[in-house]
Amino acid sequence: MKVTSLLFLAVLGLSSCQWGTPAKQVPAAIFTDTLTYTYQAIHERAADCGSKPDSTCTVVNIKYPLFKGQGVLNDTIKHKLLNIFMLGEKPDTGLNSLATNFLKSYADAKKDDPRSAMFYTLESYVKVIRQDSALLALEYGGYSYQGGAHGGSFTGFINWDTKTNKNVTLDDILVDGYKPQLTKIAEKIFRKNEKLTDTSSLKNDYFFTDNKFALNENYSITPAGIRFVYNQYEIKPYAAGQTELIIPYSQLKTLMRPKSVASQYIYKNAGI
């Protein structure tokens with residue numbers, strides 16, 4: 001299966017000149033899918049599910065892409081899935097064993113309290129957001145419930161360089177010493193999103209260390225900018241859910257490495 005992002009094509013199609021260079025035609029190769037994949041699925045139900053629908057019994061659902069001839073990438077995807085919702089101190093060695101052990105943990109809980117009508121849930125996934133000639137963008141995450149007041153959800157990202165066959169970090173796309181300026185830009189966006197003034201304290205409503213705004217390392221490199229996502233409990237109470245902010249490339253021009261995998265997205269007239 002090959003996927004071409006129409007949104008990505010539309011955004012870049014509005015461009016008439018590239019950042020830092022004279023106007024020129026966008027290379028057609030940018031829009032070329034580079035990796036082939038098929039989605040794999042694991043679906044397991046607890047022994048006591050009977051004829052119950054998945055929504056009312058203990059079920060494990062795991063869905064992820066398997067890329068042809070991409071062992072390192074496939075191992076990275078597997079590693080992410082195994083570490084989202086670990087059942088013990090160490091992750092399982094395989095996705096099937098993760099499903100088996102999750103159902104076993106439910107069965108053990110039922111033995112301790114057979115009258116309980118509670119059921120467990122494990123939903124995890126990896127999906128392709130976008131791929132082009134330089135960058136493959138994946139989102140991974142899911143939801144898990146194993147008793148208690150509520151379950152937990154998570155959203156994370158893989159930014160994969162298809163040429164070097166490795167994950168792309170901010171150090172790869174931003175200039176040396178970028179962190180203070182990037183944090184300053186991000187905090188201004190964060191405060192605007194949260195309807196805070198420049199001097200409002202972060203002490204009472206947020207969980208930032210020493211009450212100082214900080215970016216995390218959970219981000220997706222998108223055609224519009226760098227998208228950061230804070231998961232539940234990370235900077236706010238559970239009820240507040242996730243928090244995200246996008247730093248547009250128009251505010252990152254002085255911080256971008258001109259020849260990185262993200263530089264293809266820097267277009268002055270792209271409206272981003």
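Residue indices begin from 1 for each chain and proceed along its sequence in written order. It should be noted that, the model being predicted, local features are given only for residues of pLDDT at least 70 and side-chain atom pairs only at 80 or more, the latter also being counted only at that level, while totals for whole chains, interfaces and linings use all residues. No hydrogens and no water enter the side-chain calculation; it runs on all heavy atoms of the structure.

Caption draft 1: View of the state of the cysteines. For the purposes of this analysis, a disulfide is any pair of cysteine sulfur atoms at a distance within 2.5 Å. Considering all chains together, one arrives at one disulfide under this definition. In this model, C49 is linked to C57 through a disulfide, with the two sulfur atoms separated by 2.2 Å. Its torsion about the S-S bond being 95°, the disulfide of C49 and C57 is classed as right-handed. Each member of the pair, C49 together with C57, is buried. Throughout this description, buried means an accessible area under 20% of the type-specific maximum (1.4 Å probe, protein chains only), exposed means over 50%, and partly exposed covers the range between.

Caption draft 2: Quick peek at helix α5 (residues 179-193). Helix and strand assignments come from DSSP, with helices taken as H or I runs of at least 4 residues and strands as E runs of at least 2, each series counted from the N terminus. A helix's residues, less one, multiplied by 1.5 Å, set its expected span. Taking 1.5 Å as the rise per residue, α5 with 15 residues should run 21 Å; its terminal C-alpha atoms sit 21 Å apart, in good agreement. Three or more residues of α5 are buried, namely L182, I185, A186, I189, F190 and R191. The contact criterion used throughout is that any non-hydrogen atoms of two residues lie within 4.5 Å. Those residues of α5 hidden inside the fold are in contact with α4 (170-173) and β9 (243-248). Once α5 ends, the next one or two residues include K195, with phi positive near 60°.

Caption draft 3: Layout of the pairing of strand β2 (residues 59-67). β2 sits mainly inside the fold: seven of its nine residues count as buried. When DSSP finds two or more bridges between two strands, those strands count as paired. One ladder, built from nine bridges, connects strand β1 (residues 37-45) with β2; its direction is antiparallel. Each residue of the ladder has a partner; that of A41, found in β2, is K63. Across five bridges, β2 lies against strand β3 (residues 121-131) in parallel orientation. Within the sheet, the bridge partner assigned to V59 lies in β3 and is T121.

Caption draft 4: Structural view of unusual backbone geometry. With a phi close to 60°, N165 is a non-glycine residue in the positive phi region. Checked against the element boundaries, N165 lands in the loop between β5 (152-161) and β6 (166-167). Although it is not a glycine, K195 sits at a positive phi angle of roughly 60°. For K195, the position within the fold is in the loop between α5 and β7 (219-221).

Caption draft 5: The arrangement of the pairing of β5 in detail. Counting buried positions over the ten residues of β5 gives seven, a clear majority of the element. Bridge count for strand β4 (residues 135-145) against β5 is ten bridges, and the pairing is antiparallel. Within the sheet, the bridge partner assigned to G142 lies in β5 and is F154. The hairpin turn running from β4 into β5, its antiparallel successor, is six residues long, and G147 in that turn takes a positive phi close to 95°. Summarising the sheet, β5 and β6 pair through two bridges and their orientation is antiparallel. Note that in β6 the partner of W160 across the bridge is N167.

Remember, this is a structural readout, not a statement about activity or role.
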